[in-house]
Amino acid sequence: ADDQGAPEPLRLRGAHAAAVRSLDWSADGALLQSSCTALLGWWDVRNGGERVLNAEQVADVEWETWTSPIGWPVAGILTERSDGSDIHAVSRSHSGALLVSANEFGKVSLFDHPASVDGAPCRVGVAHAGHVSAAVWACDDSRVFTAGGADLTVMQWRVDGVGREGSAE
């Protein structure tokens, strides 16, 4: 096979012990953030994928995307009965003002971002027949698209407004 021009794989050192659930780049492209069911990890891609062990080193990093169900900006999306494993998808809007999560029980929740306080207020929609496996924002943040697991559907949700005045239908 001709592999000329193929990208060189980045080997992350000290990677996760469980399946990786999310990947996010820092705004400057220097760091990669990943999460599994147990932890949030950071990798310095400038140094060949060295793991960043000190959370203080990434505390002020601006993230281009946020899809991790773990971390300070999403700490308030968990309910009292949740251990986090029921959250299947998280996506921050392109504007950075809103956050959507999708869970095992077919719920799609819209939060202000960051949603860092316990029991962060949200709007909840239910339309899928079972778990929701993915949630992504339209390029202009006007809609969220979700994919159902068992029901094999893709749904679109209109998002009116941004920030504290936003709503989802």
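Quick notes on the rules
Residues numbered from 1 in each chain as written. Predicted model: local features only at pLDDT ≥ 70, side-chain atom pairs only at ≥ 80, totals over all residues. Heavy atoms only, no water. Pairing = 2+ DSSP bridges. Helix = DSSP H or I, 4+ residues; strand = E, 2+ residues; numbered from the N terminus. Axes fitted to C-alpha atoms, helices over the stretch in contact; angles between N-to-C directions. Salt bridge = Lys/Arg side-chain N within 4 Å of Asp/Glu carboxyl O. Buried < 20%, exposed > 50% of the residue type's maximum accessible area, 1.4 Å probe, protein only.

### Here we look at the sheet that holds strand β5 (residues 87-92)
Spatially, the four strands line up as an open sheet ordered β5-β6-β7-β8, and their pairing is antiparallel. Both edges of this open sheet fall to β5 and β8 (122-126), since each of them pairs with a single strand only. The sheet shows a mean angle of 20° between the axes of neighbouring strands, taken without regard to direction. Bridging between β5 and strand β6 (residues 98-103) involves five bridges; their strand directions are antiparallel. Residue A89 lies in a different strand from β6, and its bridge partner there is A102.

### Points about the sheet that holds strand β3 (residues 40-44)
In space, the four strands of this open sheet follow the order β1-β2-β3-β4, with antiparallel pairing throughout. Because the sheet does not close on itself, it has two edges, and the strands there are β1 (22-25) and β4 (50-52). Along the sheet, successive strands turn relative to each other by an average axial angle of 30°, direction set aside. Examined bridge by bridge, strand β2 (residues 31-35) and β3 share five bridges and lie antiparallel to one another.

### Considerations on the pattern of salt bridges
Applying the stated criterion across every chain yields a total of one salt bridge. As a salt-bridge pair, R46 and D44 come within 3.1 Å of each other at their nearest N and O atoms.

### Concerning the pairing of strand β10 (residues 143-148)
Only one face of β10 is buried: it carries V144, T146 and G148, and the other face, with R143, F145 and A147, is open. Bridge count for strand β9 (residues 132-137) against β10 is five bridges, and the pairing is antiparallel. Across the sheet, residue W137 finds its bridge partner in β10, namely V144. Linking β9 back to β10 in an antiparallel pair, the connection comprises five residues, with D141 at a positive phi of about 65°. Two successive antiparallel strands, β10 and strand β11 (residues 154-160), enclose a turn made up of five residues, where L152 displays a positive phi of approximately 55°.

### Comments concerning the pairing of β2
The buried fraction of β2 is high, at five of five residues. Side-chain alternation along β2 places L31, Q33 and S35 on one buried face and L32 and S34 on a second face that is also buried. Relative to β2, β1 runs antiparallel, the two being bridged by four bridges. Within the sheet, the bridge partner assigned to S22 lies in β2 and is S35. Here β1 folds back onto β2, and the loop between the two strands holds five residues, one of which, G29, carries a positive phi near 75°. Here β2 folds back onto β3, and the loop between the two strands holds four residues.

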